[in-house]
Each structure stands twice: as C-alpha cells, then as structure tokens.
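# Descriptive structure summary
The lines below spell out each chain.
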Amino acid sequence: MKPSCHETWNDILKEHQIEKVQFYRCRARYPRLHGKNAIRGYHGFGGEIDMAKLTTKSGISGWGQLSTDINEAKKSAELLKNHPVTELFHSETGIMDERLQAFDIPLHDLAGRILNIPVCQMINPAAVLQAPVYDGAIYMNDIIPEDSPFGPKRVIQESIDDVQLGHTILKVKIGRSHKWMNHDEGLARDIEIVRGIHEALPGTAIMVDANDGYTLEDSIAFLEGIGDTEIYWFEEPFREEEEKNRELKNYLLKERPLTLLADGESMTDIPLLRDLAQKKLLDVWQPDVCGYGFTKWRNLMKEISENGWLASPHAWGTVTKTHYCTHLAAAYPHHIPCVEAVPGSIEGVDFGGYQLKNGIMQIPDTPGFGMELIWAPEI
C-alpha cells in the first residue's frame, strides 16, 4: 500500500531534533490609533508580542507567536530538546502534548520548513494559497479623545480608507451604550455610524461586533434602527446563552435571514458552542487562534466541517495571528468564509509575501507560515 503524505512527512520529521529554543519580544504597530470597543478602552497603536524560535541540530529554524505566557513557555522549553520532532508534533494533527501549547505555532512553522511546504498544505494538500479576510479595525474612534471627540465622520472616513486599501468586508464596533455613552444616545450613535458607512460604501459588506456589550433588547433595537442596511454577521451581541440566542436567532430568521450569528471569542466554552451550533443557534465559531490553540483549531475544524458549520478564528491583536488564520481558512475554504485582518506591521518581521487585493489575502508559497523573523531583542 502506498504511504499517505502524512506518513511520508512524519518519516521526514522523525529525522530531526530540536537543539535550541530562543525567546524574543517584538513590537507591533497599527497604522492608526485604535480607540475603544464596548468593554475596553484605548487599544492604542499596537503592543508587544512574545515569540519563540526553534532550531534543529541540522540548522533548520521555525518561529512563531507564543500561545501562553512567556514564563510558562520557558518552564516547558526543555521538553522540546533532543527528541525526534514526531515525539512533539505530527503533521496530520499538530502538537502531541498539551504541555507544548506555548509552542503550537512555532512547531507548525518548523514542521512546514522541514517539509518545505506551507502550513495550509500540510493541513490540506489541496489548499489554495489565498483566503478571504475582513477588516477588523473599525473601532469607536468617534468618541476619542474625550476632551474633543472626533465624531462619526472619523469612523466613516476610516472605513473609506480601509476599503481603498483593498478591503471588501468591514467589521464595525458597536455597543457605545454599554460604558461610554448614555444608553439611548449610544445606541443611536451605533445606528448612525453603521448607516453612514453603508451610505458611503454601498458595495461593501458590513459586520457588527458588540463585544458582549448589548442586551437582547439592544440587539433587536439596533437591527430595527439600521433599516435596510444589510449585516453579514452579528458578532458577540451578548454573552452567549441558549434562550437569548434563540430569541435573537428567531428574529434574524424572520427579519434578516442572511445575517449570521457569530460568537465564542471570549470566555470560550466549547461544549456551550457545540450545543448552540447543534440547535442552530450559532452560525460562526470564533475561539482565538492562539488563546484556544492552533492544534485545537485543527481538530475543531474536522468537527465543524463534518457538521457543515462555519468558523472564523479570532485574530485581533497582531498581523501574525491574521496570517496564521489564513492557513486554516485556506485548508477549509468551505467552512471558514473569511478571517479577521489586523492592519499594521511588526518590527523586525518580514511578511511581505502576504498581499491583500479585493478582499482576498494571498498566502506566500513559502515553507511554514511564510514569515521571516529578521531581528528582535532576545529575552
């Protein structure tokens, strides 16, 4: 019997051992200030990202963002050394031990580089090197700075700017009434801005994200208030639970049957998400690509695809997370309709092979995740 590609790949991986583990801290930068969402204040101009670089005895290196705290990662670093890579990682599943969760992304990158294939094609050899993305950067910049707010025109102009960069889908933050404005005024502002974006960009798809800052009543009032503005999906309207999801889903099926309900990013509860999906009360699963775990996402996608569900791993925070998500989307194009695009750069990282055009992110035909760590301070 002819061996499967995974058997062949694992035979190759088995010949390699990790000799060196190094840790780096990179600075991420957004192209503009990102203000508030419904529950959190200023997101700023970017932050710092902790990375690990793994080097084999033969000199092949892979790197990536850590999926746990760096101190926890350092405690488990010795588990990586002087073992055949297949004792740590298998091409068809991912990491072999939950104690290696911190190194989930770096191990995927290393395996892809050893095998000389992109990660998405390690997951699915038929993967096409592209994935639809949406712009996740439309924050509440109308209400900042507090002493002289920019106003609604600022958010509408930023939406126009991002479409000019190549986006065709915008996710707009709503929920100003939760913390930042009088309830009725905040809800009215949410409606004003979403309608304003629709009027300014009539051919652009719009999503909304309340970051659990709405009530069920707020959600329906918002949808009533935006009139004929179509919404691709409604993300995190409130903390997901069966009865509220059922009431909102019933409303959507009656009034907006094309609008999807997306959730699962925060306080991820997989049994709850599964139960809601089975009852058709959740359309799009959204655990974080790093916080939940890349290997866990690979396993979850098998279940999601078998059941005909949809997913979009949460990626906000860093450009690297967007690129990790595109590999999952390329491997499961019928079940990940689009992933979150984070704008900006990371100092010392070259990801020029990723190119956005007409809402599609082109994935480089290079090994691993196709990004290069040129320089960062070692920690």
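Attention in this report is confined to the structure presented alongside it. (Residues numbered from 1 in each chain as written. Predicted model: local features only at pLDDT ≥ 70, side-chain atom pairs only at ≥ 80, totals over all residues. Heavy atoms only, no water.)

## Focus on the sheet that holds strand 1 (residues 18-29)
Put simply, the test is: Two strands pair if DSSP finds at least two bridges between them. The helix and strand labels rest on DSSP assignments: H or I over at least four residues marks a helix, E over at least two residues marks a strand, and numbering proceeds from the N terminus. Contact between two residues is taken to exist if any of their heavy atoms lie within 4.5 Å; hydrogens are not considered. Lines fitted to the C-alpha atoms define the axes, with helices restricted to the stretch that makes contact. Angles between their N-to-C directions range from 0 to 180 degrees.
In space, the four strands of this open sheet follow the order 3-2-1-14, with antiparallel pairing throughout. Edge positions in the open sheet fall to strand 3 (61-65) and strand 14 (345-346), since each of these has one partner strand only. Across nine bridges, the pairing between strand 1 and strand 2 (residues 48-56) is antiparallel. In the strand pairing of strand 2, arginine 25 is matched with aspartate 50. On top of the sheet, helix 11 (residues 319-331) reaches strand 2, strand 3 and strand 14; it is set at about 110° to strand 3, its chief contact.

## Overview of unusual backbone geometry
Condition: Remark: exposure states derive from per-residue accessible area (1.4 Å probe, protein chains only) relative to the maximum for the residue type, with buried under 20%, exposed over 50%, and partly exposed in between.
The omega torsion of the bond from isoleucine 144 to proline 145 falls at -15°, within 30 degrees of zero and hence cis. Among the secondary structure elements, proline 145 is positioned in the loop between strand 6 (130-138) and helix 5 (152-164). Phi at asparagine 116 is positive, roughly 65°, even though this residue is not glycine. Relative to the elements of secondary structure, asparagine 116 occurs in the loop between helix 3 (104-115) and helix 4 (119-123). Judged by relative accessible area, asparagine 116 falls into the exposed class, the value being 56%. With a phi angle near 50°, asparagine 358 is a residue other than glycine that sits in the positive phi range.

## What about the side chain of glutamate 240?
Quick note on the threshold: N or O atoms closer than or at 3.5 Å make up a polar contact, with two conditions inside protein: a donor-capable atom paired with an acceptor-capable one, and, for residues adjacent in sequence, both atoms drawn from side chains.
Topologically, glutamate 240 is positioned in the loop between strand 9 (233-235) and helix 8 (242-255). A distance of 3.2 Å separates a polar atom in the side chain of glutamate 240 from a polar atom in the side chain of arginine 239. Residues contacting glutamate 240, with those up to four places away along its chain left out, are Asn245, Asp263, Gly264, Ser266, Leu272, Leu273 and Leu276.

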